[in-house]
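Overview (structure and organization)
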Amino acid sequence: MIIVSACLYGVNCRFDGKSSENAKIIDAFKNDQVILVCPEELGGLKTPRTPCEIYKGTGKEVLKGMSKVKSSKDEDFTRYFVKGAEETLKIAKRFDVKKAILKSKSPSCGLNRIYNGNFDKTLVKGNGVTAQILIDNGIDIITENEVG
Ligand code: SF4
């Protein structure tokens with residue numbers, strides 16, 4: 001059983017009300033049991049919503065209370081991102097999930113590279129909040145880019 005970012009399966013849960021549907025992902029896991037999650041919606045954010053980025057840090061610092069997730073209107077949405085990560089982890093534990101395929105670059109789902117918090121399309125090293133909490137709990141993460 002694997003967790004997959006819902007937007008990769010065509011669910012219109014992105015901040016702009018659209019999806020990131022990825023036919024390669026859908027085909028690659030057609031014989032697997034897939035649990036679709038959108039951590040930002042699980043955290044209580046509505047769709048569409050104001051875009052957010054991690055400000056001065058990464059998911060690791062957000063989970064330690066050392067960085068915030070802010071919207072492009074400078075609103076503090078940290079609590080929604082932390083809650084979404086915790087709810088996703090709860091689902092992973094409930095179903096004994098060992099692997100997740102997450103959407104790259106997202107402040108929730110991103111792995112290894114995320115936007116820098118200035119909304120200028122610049123990427124920095126680091127994980128999104130949900131990716132980080134799953135890694136911290138022993139779950140193997142890849143993004144859509146690593147699926148052959
Ligand atoms: S939080 Fe994750 S699943 Fe939800 S829209 Fe963003 S990248 Fe997709």
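Look a little higher up for the structure.
Residues numbered from 1 in each chain as written. Predicted model: local features only at pLDDT ≥ 70, side-chain atom pairs only at ≥ 80, totals over all residues. Heavy atoms only, no water.

1. Describing the site of the ligand
Under the convention used in this document: Near, as used in this document, describes a residue that has one of its heavy atoms within 4 Å of the molecule or strand being considered. Of the grid points, spaced at 1 Å and generated over the protein atoms alone, those admitting a 1.4 Å probe that cannot get out make up cavities, while open sets with protein on both sides within 12 Å along at least five of seven lines make up pockets; any residue with an atom within 4 Å of a point is treated as lining. Molecules are considered to sit inside a cavity or pocket once more than half of their atoms lie within 2 Å of its grid points.
Contacts to the ligand come from 14 residues, most closely from Cys-7, Cys-38, Glu-40, Lys-103 and Cys-109. Cavity membership is defined here by more than half of the atoms lying within 2 Å of grid points; on that basis the ligand lies in the largest pocket.

2. Topic: helix H5 (residues 129-136)
The following threshold applies: A 1.4 Å probe rolled over the protein chains alone gives each residue an accessible area, and that area as a share of the maximum for its type sets the label: buried under 20%, exposed over 50%, partly exposed in between. The helix count covers DSSP runs of H or I at least four residues long, the strand count covers runs of E at least two residues long, and both are numbered beginning at the N terminus.
Counting buried positions along H5 yields 6 of 8 residues, so the element is predominantly enclosed. Every buried residue belonging to H5 is among Val-129, Thr-130, Ala-131, Gln-132, Ile-133 and Leu-134, and all of these are buried. Looking one or two residues past H5, Gly-138 carries a phi angle of roughly 80°, positive in sign.

3. As for the sheet that holds strand E1 (residues 2-5)
Definition in use: Here, any two strands with at least 2 DSSP bridges between them count as paired. Angles shown run from 0 to 180 degrees and are taken between the N-to-C directions of axes, each axis being a line fitted to C-alpha atoms and, for helices, limited to the stretch in contact.
A sheet is described by the order of its strands in space; here 4 strands give the open sequence E2-E1-E5-E8, paired in parallel fashion. Looking at which strands have only one partner, the edges of the open sheet turn out to be strand E2 (34-37) and strand E8 (140-143). Between one strand axis and the next, the sheet turns through 25° on average, direction left out of account. Relative to E8, strand E5 (residues 99-102) runs parallel, the two sharing 4 bridges. Paired with Leu-102 across the two strands is Thr-143, which belongs to E8.

4. So, helix H4 (residues 78-94)
As a reminder, the rule being used: In this analysis, the expected span of each helix is defined as 1.5 Å times one less than the number of residues it contains.
Its 17 residues place the ends of H4 24 Å apart at the C-alpha level, agreeing with the 24 Å of an ideal helix rising 1.5 Å per residue. Backbone geometry just after H4 places Asp-96 at a positive phi near 55°.

5. Let's talk about the environment of Ile-2
Which entries qualify depends on this criterion: Whether two residues are in contact is decided by their heavy atoms: any pair within 4.5 Å suffices.
Checked against the element boundaries, Ile-2 lands in strand E1. Ile-2 sits in the buried class, given a relative accessible area of 7%. Through-space distance from the C-alpha of Ile-2 to that of Thr-47 is 24 Å; in sequence the pair is 45 residues apart. Aside from chain neighbours lying at most four places away, what touches Ile-2 is Phe-29, Gln-33, Val-34, Ile-35, Val-97, Lys-99 and Ile-101.

6. Focus on the side chain of Asn-127
Quick note on the threshold: Definition of a polar contact: a pair of N or O atoms within 3.5 Å, with one able to donate and the other able to accept a hydrogen when the atoms are protein atoms, and with sequence-neighbouring residues admitted only if both atoms are side-chain atoms.
Looking at where Asn-127 falls in the secondary structure, it is placed in the loop between strand E7 (123-125) and H5. Exposure remark for Asn-127: the relative accessible area of 12% places this residue in the buried category. Here Asn-112 takes part through its backbone nitrogen, which lies 2.6 Å from a polar atom of the side chain of Asn-127.

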